[in-house]
Amino acid sequence: MLAPNFRSTLNRLESLSRNHILFFRLEVGRLLLQDFFSGDFVVYQNRDPHKQQSFRTFVEQCGSQLADLGFSEIGLRKCILAHIATAPLPAGTVERLLFSHVLELARVPDPDTRGILALETVEKQWTSVELRAAADAALGAEAAPAPAPPQLGRVVSNFEKAVGTIDGLTEQWTQLAGHKLSGRQKQRMFSSLEQLKAKIAAIEAQLS
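Remember, predicted model here, so these are calculated numbers, not experimental data. (Residues numbered from 1 in each chain as written. Predicted model: local features only at pLDDT ≥ 70, side-chain atom pairs only at ≥ 80, totals over all residues. Heavy atoms only, no water.)

Colleague: Just to check I follow, could you spell out the overall build of the protein chain for this structure?
Modeller: From N to C terminus, the protein chain includes ten helices and zero strands. The order of helices and strands in the protein chain, counted from the N terminus, is α-α-α-α-α-α-α-α-α-α. Expected size for 208 residues packed as a compact globule is a radius of gyration near 17 Å; at 31 Å, the protein chain overshoots this value by more than 25%. For the protein chain, the spread of C-alpha atoms along the three principal axes comes to 95 × 55 × 25 Å. The burial tally for the protein chain puts 22% of its 208 residues in the buried class. Taking all contacts inside the protein chain whose residues are at least 6 apart in sequence as the whole, residues at least 24 apart take part in 60%. When the accessible area of the protein chain is evaluated, it comes to approximately 15,100 Å², of which 59% is carbon and sulfur surface. Here the protein chain contributes 23 positively and 22 negatively charged side chains, and the mean placements of these two sets differ by 7 Å. (Helix = DSSP H or I, 4+ residues; strand = E, 2+ residues; numbered from the N terminus. Rg over C-alpha atoms; globule rule 2.2 N^0.38 Å. Buried < 20%, exposed > 50% of the residue type's maximum accessible area, 1.4 Å probe, protein only. Contact = heavy atoms within 4.5 Å. Areas by Shrake-Rupley, 256 points an atom, 1.4 Å probe, with all protein chains shown as cover. Lys, Arg positive; Asp, Glu negative; His and termini not counted. Charge placed at Lys NZ, Arg CZ, Asp CG, Glu CD.)

Colleague: Mind showing me how you'd approach the pattern of salt bridges here?
Modeller: Side-chain pairing between opposite charges can occur once the charged atoms of the two side chains come close. The tally for this structure, following the rule as stated, stands at eight salt bridges. One salt bridge connects R107 with E104, and the closest N-O pair in it is separated by 3.0 Å. You can call R107 partly exposed: its relative accessible area is 34%. With a relative accessible area of 10%, E104 lands in the buried category. Across the salt bridge formed by K124 and E120, the nearest N and O atoms sit 3.9 Å from each other. Here E120 and K124 lie together in helix α7 (residues 111-124), a separation of four residues that amounts to about one turn. E120 gets classed as partly exposed once you look at its relative accessible area, which sits at 25%. (Salt bridge = Lys/Arg side-chain N within 4 Å of Asp/Glu carboxyl O.)

Colleague: Please clarify how the packing of aromatic side chains should be interpreted in this entry.
Modeller: Any pair of aromatic rings gets described here by the distance separating the centres and the angle formed by the planes. Enumeration according to the criterion identifies five aromatic pairs in this entry. Consider the rings of F24 and F71, whose centres lie 6.1 Å apart with planes at 15°: the pair is stacked. Highlighted residues: F24 in helix α1 (residues 4-37) and F71 in the loop between α4 (63-68) and α5 (73-86), separated in sequence by 47 residues. Here a set of aromatic residues connected by ring pairs shows up, and it is made of F36, F37, Y44, F55 and F58. (Phe/Tyr/Trp six-rings, centres within 6.5 Å; stacked < 30°, edge-to-face > 60°.)

Here it is in structure tokens:
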């Protein structure tokens, strides 16, 4: 357990991080996105090697001055991504996040999923590690491939096998000829036969 004086210091540092560091970096990201990418995140994310490279030129030519301000190219790009990630979030959410939270959210491309994760982070008071795990799970779900459609030849073969199954059932039914059915059993048989006829009719209509 933290000593009371440590808790007080930590709380004030967290407040400074939320109220100053985060918004400073978000404003840096907004400024750079506007100046070099027309404020358009799609332009920023465009990997076309022939697009205008003014941002890279800016970093190369002003590297020493940027370093004096405490900036690196990686740090500046993180600011841009942070601005992009937080721009569509609901009002009042960003103020309750840390910069480390925002960087984890920036890894999630879908804005709706990002918004849900941001709200859960606030409501459940997740650490950045906990948010990272949730983001990884969301990314895994987004990346899961859609099931492959069945192969046509295999489906036809399965229908042929189904004929054999029906033949077996028909033989069993023949062996039970003369046995009296209960009203419930007769109703179930009629229902099953009607369903089979409807499915067969639908397939025949598609074939024709």
